[in-house]
Structure formats: C-alpha cells, structure tokens
Amino acid sequence: MTPRIIIANLGVRLKSFYRERSAMFFTFAFPVILVLVFGTIFTKPEHLNFDLPVQDNSRSEASARLLEALAAGDAFNVTPVPVAVDATEYAKEHKLNLLLVIPKNFEALQKQRVAGPHPGVPVPLTYVHDPSSTAVETKIQLLDTFVAAANQKATGSPPAITLVAASILSKRYRFIEFFVPGIIAMAIMTSCLSNALNMNAELRQKGILRKLATTPITRADWLASSIVYQLILSIVSTVAILLVSYFVFDVRLHIGFWLPLILVVEVIAFVGFGMLLTPFAKEAESASAVANAFLFPMMFLSGTFFPVEMMPAFLQTFAKLLPLYYVNEALRATMIFVDDAATLRAVGVTAAFAAVVFVAGTFKTRWDEST
Amino acid sequence: MTNTGPAIVVDKLCKHYGAFKAVDNISFTVKSGEVFAFLGPNGAGKSTTAEVIETIRVPTSGTVTVLGMDVTKRKAKVVRRIGVLPQNFSSFDRITVRESLQYYARVFGCRADIDALIDLTNLRDKSAARFNTLSGGLKQRLGIAIALVSDPEIVFLDEPTTGLDPHARRQIWDVLKGLKERGKTIFLTTHYMEEAELLADTVAIISNGRIVAIDSPAKLTEEHAVQMRLTLNSIDSAAAGLIRNLGFCPVPKGDDNLCVPVKTPEDVHRILAEIKRSGLTLGGLDVRKPNLEEVFLKLTETPAAGDQDRAR
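Along each chain, residues carry numbers from 1 onward, in the same order as the chain's sequence is written. The lettering of chains begins at A and the numbering of ligands begins at 1, in the order of writing. Thresholds applied to this predicted model are a pLDDT of at least 70 for local features of residues and 80 or more for the giving and counting of side-chain atom pairs; totals over whole chains, interfaces and linings are not thresholded and use all residues. The basis for every side-chain value is the complete set of non-hydrogen atoms in the structure, without hydrogens or water.

Peer 1: Explain the overall build of chain A to me, please; I cannot follow it from the model alone.
Peer 2: Check the secondary structure of chain A and you find 14 helices and four strands. C-alpha atoms of chain A, sized along the principal axes, occupy 100 × 45 × 40 Å. Here the term buried applies to any residue with accessible area under 20% of the maximum for its type, exposed to any over 50%, and partly exposed to those in between, with areas from a 1.4 Å probe on protein chains only. For chain A, with 371 residues in total, the buried portion stands at 44%. Counting only contacts in chain A whose residues sit at least 6 apart along the sequence, the fraction spanning at least 24 positions is 80%. The sign given to each residue is positive for Lys and Arg and negative for Asp and Glu; His and the chain ends receive no count. Charge positions are represented by NZ for Lys, CZ for Arg, CG for Asp and CD for Glu. For chain A, the distance from the average site of its 30 positive side-chain charges to the average site of its 27 negative ones is 9 Å. Helix and strand labels come from DSSP, where a helix needs a run of H or I of at least four residues and a strand needs a run of E of at least two; each type is numbered from the N terminus. Any two residues having at least one pair of non-hydrogen atoms within 4.5 Å are treated as being in contact.

Now the structure itself:
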C-alpha cells in the first residue's frame, strides 16, 4: 500500500465529488431532509390532534357539555356536521374516516339513566367510520379513552387503578432521538455501497480501469483510498445530520469515542461489501439495481425507520442477519443508552462482518480483465 | 535500468476464451527504438495481443518479455517502464487536463514536466478544461500525454486515431513523429494503413489471431503487393477492347472509367499512346503505386492458413 497513491486517488475522487452537485445533494442533503421531515412529523406528538366531525342532533345542554369536553382535550378538533343530512352519506361524500353522531334524545336518555324509569342503562353514541382508513384505529382508540374517562367521572368515585410510568432511560427521549442514529447509519451505508458499485461500473464501462491496470496502483491502494474517501464523506454527513438535529429539534445525543469507531467499522464493512458485489454490476444500470437490491431491504428491515420489534417474528430473525441492524444497535447503544457493553457487542458483530467482506472484496477487485 | 536487447519478445503467445482462439500461437520481436505497427481487421486479435503485452490480460500460454522482464511475473516493474494509451481512452470526467497529468505523475511517483507534456501534445489552450468537455482528438492527445508521464521506454498506442477526423488524425501523427525522433520504442495498433506506412519501421499483419506477414512497409509492399494500377477517367467505351488488344486486362470502374493493372511505367506509356493514336477521348488519369493497403487487403481477405484448425 502506497500513501502517495492513496492521496492521489483521494484528490481525484474528492474533486470529482465536489464538482458533481447532484452527488453532493444525495450524499449530504438527502439524509438531512429525512431528519427534517420525520422530525417535523414525530417530534411533538402531544400536539397531534385529529379532526372529529360531530353531528349534534340533540342540540341540548347535555350535548353542548359533551362537545365542550371533547374540544377541551388535545386529541380532537371538533367540527360540526349539519343536522339535516344522513351521517353515513355525509361521511362518504366528504371522505371522512370518522364521524360522531349524538342522538336526538341524548339529554332525555341521560336523565333517564340517572332518574329512571331505567336507571343505569348507558347512553349510546354512534360513530360512522371507514375501516379501510389507516388512521381511524388511532382516532377510535382516542375516542374510547375519552368515553372511558367520562364514564369514570360519572361514577363520582376515584379511579381504582392508575398507571405510573418509569423509564429505563435517565431522561425522556423522543422519537427523533431514536431516529437520528438510524439515519446516520443508513446514510453511510447508502453512500458506501452505491459509490463502490457505481464508481467501479463507471470506471469499467469507460475503460479507465484498463488504463489504471497499466499503472503501479494496486488493489490494496484502491480499496484503501475508497475507504478514506468514504470516511471523509461519512464524517461530513454525520456532522450535518447531528447539527441539523440539534439546531432544529434540540436533539442531544451522547457523542463519545465509540461514534468515530463505529463510522470507521461501518465504512469498511460497506465499502468491502460493495467491492464484493462489483462482479455483478459491470454497467451503470446494473450497478444501481444491485445496490438497491441490498439497500432497500436493509433500510426497512434493520430498524432504521421503526423498531424491529414491530415486525413479525420471522422478519425479526431475518433482521438480525443484516449488518445494518448491528450498526443501528451500536449507534443507539452509545448515543442514546450510553451502554458500553451493548455497544461493544454490536460493534464486534459489525467488525467481524467488515473483516470478512473486506478480505473477500480485496480479492474480487480486478484491475485486469483476464478470465 | 538500461535494456540493450529487444524491447519486446513475444514467443508462441496464445490467448483463448473458451473454444475461441483470439490469439493463436504468435511470435515476434520489437527492436528498441523502432515504431512497430500491428495491423489487422477488427477482431483479428491485435488489441488482445497488445493488452497481454501491456500486462492487462494474462496469456493462456506462451511468454511475453518486455525490456527483458516476463510480463506475468514482473508486472509491477514492467508497468513502470511502459506508457499505455488504451483503446477508446477515457479519464475522469470532471478532472482537468493538467490535473489528470498531475494525478498520473503522482501515481507513478515521478517528477514529470507537465508543461512540456502539454506543449508536446499541443494542449496548452485546454490545460484547464475538464475531460468531459474535450473533443475526441483532444482526449486522445491527453491520453498520449498521460502515456508519456513516466517517461517510459516503450509507448503502447492502441488505435490512437480511430474515430478522429482527418485534421485531428494528422495532429496525432505529428505527436507520434515527435516521439519517434526522441527515440522511443512505439508499439502502434491500428487499422489505418496510411498511418502505419507513414510512421512504422516494422509492420506485422495479424488475421484471425495469427501473424500473416511481418517486415518493413517497403518490403511488404514489394513482396506482397499487386501490380501498379492505371485508372482512365471518362474514357470512350471502345477503349476497353483497344487496351485488351495490347495484352492488358482492363476492369470497368464506375460508368465510364477503366482500371488497368500494369507492371511498368512503359506499359502506361504504351496504353496512353494507343489511346492518342486511335483518337479516343480521355477525361483524366491516375497512376497508383502498390501500397500497404493492397498488401493488407490481399493478406486478410482470405482465411489464414490453418483456419480450419481454429474453427475446430
């Protein structure tokens, strides 16, 4: 391995990267945009509220109190529905996934429940819903919670059981704090794998590899310069993600000595993996296809966007075969839980994978075209 | 290290891809300081042979030594003493001419005079231009400059003028003449006869993976070329019979032209005198000496001996 050659390769690759704006955008801006989008959606769930159209057929003091109570909570933004219309048709026509109907005799039924002639008979509230809507389940659960609380209050006695939360973490974390390490891992993997495959395919297709084969550059020089190049991009990308997270969403994660070590191991793992795949991606078109075939399953099944525990058991088992799962685990273990033992375990698995693919990738990188 | 022997020795070289014999048992020697032109039709095996010598491909059998070193065993040393312009040369798109030369100079670890190389290849005006903005001819000139960056003893140029317009082609030839004057050994792969005739000291013609002729252009022409040709333009149709009566075999060429193979200048005089005597009209004439192109066509249009073996 010759440092002079590694520096020369690095210079050419960094200049090429700097001069291609689209490459810069996808490497740095794309993960930052993901953080901004997901951060905006999930950072403050307590302010999340749903529209709840209500048809008040009662127009009584009792129904007014109910509407007031619904509007008082954070969960719903109550909107009125005309009394004269059919609720089901109205919901279909206006594409509403949930519509609450207060019956005409709501107040009378309430009085009967208390004073007779049928005391204790609950007052029915009908909701019209669209079961095909993905959001309706959450809204119905919130409505159930509201009704349960109202029933409890109506009994006049204090609740028999209350839930007390105790976190395993020393401070309260939000979704964005869990999300940021996943985005860092994903951005590095995407950059390393795509660049290794695309660069190799481009050099091969244009015949530059043939020219390089007649120079003193060795496979080890080329791999080493690829790793240093990707490491530089990874550091810049990670810093950009952390700065945006901090300044926009006030995300404060633990940044210790493990973080740079994990970046190095991840870069070696995915550059090596990319080199290993180059025989299957000899042209630019096949390079993208091969890269995507590995990137997308890893992106979605390794716990980058949502916890692995949400997936069926067999997919959870599969996730544990993916290297990105361990990078995610390592980054979260050090940046969120500050758990050295868990970090070491996850880094160990990633490093073992990196060693295997790096050695195999070195042998697979061909300068000449001999067969 | 100075090499006093031949620059390149190829001995019984074979390169097979499965049953296909791209290069089939060829041997030749390239002397130090000469321009060696390797001619052949497309797919004849000339680029494969060049790439084995350049260390890009591994031979199936046979040996190749460059400056006394076996290319398969001492690749690292060989590449430091050769410069290569590969076929369809390309470089990094967004890197300038000067940066490309600096990059290869660093890779070779040599103190190249970048300005001198830029001047030699007449790229002064384009030294700050990125590779993807250069025309075909400029790209090839940069490729030649890069091939010279380590001041190599042997320069391999694989079809350096293919696809270039006549003007760009002549500019490349000027560069190559400059290299020849500086005493570089040049291994030139081409299918342009004019190029080989103009530049080469030795020409090898390869067809179907085998060398069918090797010598100086003059000797090849002398040995293999067909006769001199007299072309008579806008000639009266009765001329064909007249010339045939003189013992020649005229061949119609186009609507009113005749092509007559002749052996000596005296034959030309006899034919012209007869046309003048008979009062036939003649629009113009052209006398062409035998050239390398004719040799090439003659040697490569029929299957080389032993092709039945290749087919098997």
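Peer 1: Which parts of the structure should I look at to understand the interface of chain B and chain A?
Peer 2: The parts lose accessible area when they come together, and the size of an interface is often stated as this lost area. Listed per partner, the contact involves 33 residues of chain B and 26 residues of chain A. Salt bridges are counted wherever a side-chain nitrogen of Lys or Arg sits within 4 Å of a carboxyl oxygen of Asp or Glu. The tally of links between chain B and chain A comes to five salt bridges. In this structure, A:Lys15 and B:Glu99 form a salt bridge, with 3.8 Å as the shortest nitrogen-oxygen distance. Polar contacts, as counted here, are pairs of nitrogen or oxygen atoms within 3.5 Å of one another; within protein the pair requires one atom able to donate a hydrogen and one able to accept it, and residues that are adjacent in sequence qualify only if both atoms are side-chain atoms. Here chain B and chain A share eleven residue pairs in polar contact (both at pLDDT 80 or more) between them. Of the residues in the side of chain B that touches chain A, the class split is 15 nonpolar, seven polar and eleven charged. Under the scheme applied, nonpolar residues are Ala, Val, Leu, Ile, Met, Phe, Trp, Tyr, Cys and Pro; charged residues are Asp, Glu, Lys and Arg; polar residues are all the others, including Gly.

Peer 1: Honestly, unusual backbone geometry in this entry has me stumped. Any pointers?
Peer 2: Leave glycine aside and you will find that most residues have negative phi; peptide bonds, for their part, are mostly trans. Residues and elements named next belong to chain B. Positive phi, normally seen in glycine, also occurs at Asn-122, with a value near 55 degrees. Backbone geometry at Asn-208 places phi at a positive 50 degrees, although glycine is not the residue there. Tracing the backbone shows Asn-208 in the loop between strand E9 (202–207) and strand E10 (210–215). Using a relative accessible area of 28% as the deciding quantity, one classes Asn-208 as partly exposed.

Peer 1: What's the story with a positive patch on the surface in this structure? I'm lost.
Peer 2: Here, patches come from residues exposed beyond 30% relative accessible area and free of salt bridges, joined within 9 Å for like charges and within 5 Å for nonpolar side chains (Val, Leu, Ile, Met, Phe, Trp, Tyr). Using a 1.4 Å probe, the Shrake-Rupley method yields the accessible areas, and only the shown protein chains count as cover for residues. On the surface, A:Arg4, B:Arg74, B:Lys77 and B:Arg80 cluster together into a patch of positive charge. Tracing the backbone shows B:Lys77 in helix H2 (residues 75–80). Residue B:Lys77 is classed as partly exposed on the basis of its relative accessible area of 46%.

Peer 1: Would you take a moment to explain the environment of A:Leu209 for this structure?
Peer 2: Tracing the chain through its elements places A:Leu209 in helix H8 (residues 208–212). Along the backbone, A:Leu209 and A:Val228 are 19 residues apart, and their C-alpha atoms lie at a distance of 20 Å.

Peer 1: Help me understand the packing of aromatic side chains, please; the structure alone is not making it clear to me.
Peer 2: Two numbers describe a pair of aromatic rings. These are the distance of the centres and the angle of the planes. Here a Phe, Tyr or Trp ring, Trp counted by its six-membered ring, pairs with any other such ring whose centre lies within 6.5 Å, and the pair is stacked when the planes are under 30 degrees apart, edge-to-face when over 60, and tilted otherwise. Per the counting criterion, the structure on display carries 24 aromatic pairs over all chains. An aromatic cluster is built from A:Phe38, A:Phe179, A:Phe296, A:Phe300 and A:Phe305, whose rings are joined through pairwise contacts. Cation placement over rings: the criterion is NZ of Lys or CZ of Arg within 6 Å of the ring centroid and within 35° of the ring normal. Sitting over the ring of A:Tyr18, A:Arg21 keeps its end group 5.1 Å from the ring centre. Above the plane of the ring of B:Tyr104 lies A:Lys211, whose end atom (NZ or CZ) is 5.5 Å from the centre.

Peer 1: I keep staring at the sheet that holds E10(B) and nothing clicks. Help me out?
Peer 2: In a beta sheet, neighbouring strands are held together by backbone hydrogen bonds and run either parallel or antiparallel to one another. Residue and element names in this part refer to chain B. Two strands are counted as paired when DSSP detects at least two bridges linking them. One open sheet holds the six strands; their spatial order is E6-E7-E8-E3-E9-E10, and the pairing between them is mixed. Of all the strands in the sheet, the pair left with one neighbour each is strand E6 (82–85) and E10. This sheet shows a mean twist of 15 degrees between the axes of neighbouring strands, independent of strand direction. Of the strand pairs in this sheet, E9 and E10 are connected by five bridges, and their pairing is antiparallel. In the sheet register, Ile-206 faces E10, and the bridge partner there is Ile-211. A fitted line through C-alpha atoms serves as each axis, taken over the contacting stretch for helices, and the angle formed by two N-to-C directions is quoted from 0 to 180°.

Peer 1: Any chance you could explain the environment of B:Asp165 here in plain terms?
Peer 2: Following the sequence through the fold, B:Asp165 ends up in the loop between strand E7 (154–158) and helix H6 (166–181). It is 24 Å that separates the C-alpha atoms of B:Asp165 and B:Ser100, two residues lying 65 residues apart in sequence.

Peer 1: Which parts of the structure should I look at to understand the packing of helix H1 (residues 3–19) of chain A against helix H3 (residues 97–108) of chain B?
Peer 2: In helix packing, the relevant descriptors are the interaxial angle and the interaxial distance, both defined with respect to the helix axes. Running from N to C, H1(A) and H3(B) point in directions that differ by 155 degrees, and their axes come no closer than 7 Å. It follows that H1(A) is roughly antiparallel to H3(B) by the angle criterion. Considering how the two elements wind past one another, H1(A) and H3(B) form a crossing that is left-handed. Between H1(A) and H3(B), the contacting residues are A:Arg4, A:Ile5, A:Ala8, A:Asn9, A:Val12, A:Lys15 and A:Arg19 on the first element and B:Glu99, B:Tyr103, B:Arg106, B:Val107 and B:Phe108 on the second. Here the angle decides the label: under 35 degrees means roughly parallel, over 145 means roughly antiparallel, 65 to 115 means roughly perpendicular, and every other value means oblique. Crossing handedness is read from the near helix: turned anticlockwise from the far helix by less than a right angle, it gives a left-handed crossing, and turned clockwise, a right-handed one.

Peer 1: What is the right way to read helix H7 (residues 175–206) of chain A from this model?
Peer 2: One full turn of an α-helix is made of 3.6 residues, so residues set three or four places apart face in the same direction. Expected helix span is computed as 1.5 Å times (number of residues minus one). With 32 residues, H7(A) extends 45 Å between its outermost C-alpha atoms, agreeing within 8% with the 46 Å of an ideal straight helix rising 1.5 Å per residue. Backbone geometry just after H7(A) places A:Gly207 at a positive phi near 85 degrees.

Peer 1: Hey, could you run me through H6(B) in this one?
Peer 2: Residue and element names in this part refer to chain B. Across its 16 residues, H6 extends 23 Å between first and last C-alpha, which sits within 8% of the 22 Å expected from 1.5 Å per residue. Within H6, burial applies to Ala-168, Arg-169, Ile-172, Trp-173, Val-175, Leu-176, Gly-178 and Leu-179. Residues of H6 that are buried make contact with helix H4 (114–120), helix H5 (136–147), E7, strand E8 (185–190) and helix H7 (193–199).

Peer 1: Help me understand the state of the cysteines in this model?
Peer 2: A covalent bond between the sulfur atoms of two cysteines is referred to as a disulfide. Any two cysteine sulfur atoms within 2.5 Å of one another count as a disulfide. Overall, the coordinates contain zero disulfides over all chains when judged by the stated rule. Residue B:Cys249 stays outside any disulfide, its sulfur separated by 11 Å from that of B:Cys259, the closest cysteine.

Peer 1: Hey, could you run me through the sheet that holds strand E3 (residues 98–102) of chain A in this one?
Peer 2: Residues and elements named next belong to chain A. Here we have four strands laid out as an open sheet, ordered E2-E1-E3-E4, and mixed in their pairing. Bordering the open sheet on either side are strand E2 (76–80) and strand E4 (126–129), each of which pairs with just one other strand. When the angles between neighbouring strand axes are averaged without regard to direction, this sheet yields 30 degrees. Sheet topology note: the strand E1 (residues 50–56)/E2 ladder contains five bridges and is parallel. Looking at E2, one finds that Phe-50 is bridged to Phe-76.

Peer 1: Even after reading the chapter, I still don't get the confidence of the model for chain B, so can you show me in this structure?
Peer 2: If pLDDT is low for a region, its predicted coordinates should not be looked at in detail. Residue and element names in this part refer to chain B. Confidence along chain B averages 86 in pLDDT terms, with 94% of residues attaining 70 or more. A residue's pLDDT is the confidence the predictor assigns to it, expressed on a 0 to 100 scale. No element of chain B has a lower mean pLDDT than helix H12 (residues 307–311), at 40, and none a higher one than H3, at 95. Predicted confidence is poor over residues 303–312, with pLDDT under 50, and the contacts of this stretch with residues over four places away or in other chains come to 13 contacts.

Peer 1: In this structure, what is going on with the pairing of strand E13 (residues 257–262) of chain B? I would like to understand it.
Peer 2: Successive side chains on a regular strand alternate, one facing one side of the sheet and the next facing the other. Residue and element names in this part refer to chain B. Both strand E11 (residues 228–233) and E13 contribute to a ladder of five bridges, which runs antiparallel. The residue of E13 that forms the bridge with Leu-230 is Val-260. Where strand E12 (residues 251–253) and E13 come together, three bridges link them in antiparallel fashion. Within the sheet, the bridge partner assigned to Lys-253 lies in E13 and is Asn-257. Linkage of E12 to E13, two consecutive antiparallel strands, is achieved through a turn of three residues, within which Gly-254 is found at a positive phi near 80 degrees.

Peer 1: What is the right way to read the environment of A:Asn77 from this model?
Peer 2: By secondary structure assignment, the location of A:Asn77 is in strand E2. For the pair formed by A:Asn77 and A:Asn198, sequence separation is 121 residues and the distance between their alpha carbons is 50 Å.

Peer 1: How should I be thinking about the packing of H1(A) against helix H2 (residues 21–42) of chain A in this particular structure?
Peer 2: Residues and elements named next belong to chain A. Between H1 and H2, the shortest axis-to-axis distance is 5 Å and the interhelical angle comes to 90 degrees. Our classification of the angle between H1 and H2 gives roughly perpendicular. Judged by residue contacts, Phe-17, Tyr-18 and Arg-19 of H1 engage Arg-21, Ala-23, Met-24, Thr-27 and Phe-28 from H2. For the contact of H1 with H2, a count of residues per class yields five nonpolar, one polar and two charged.

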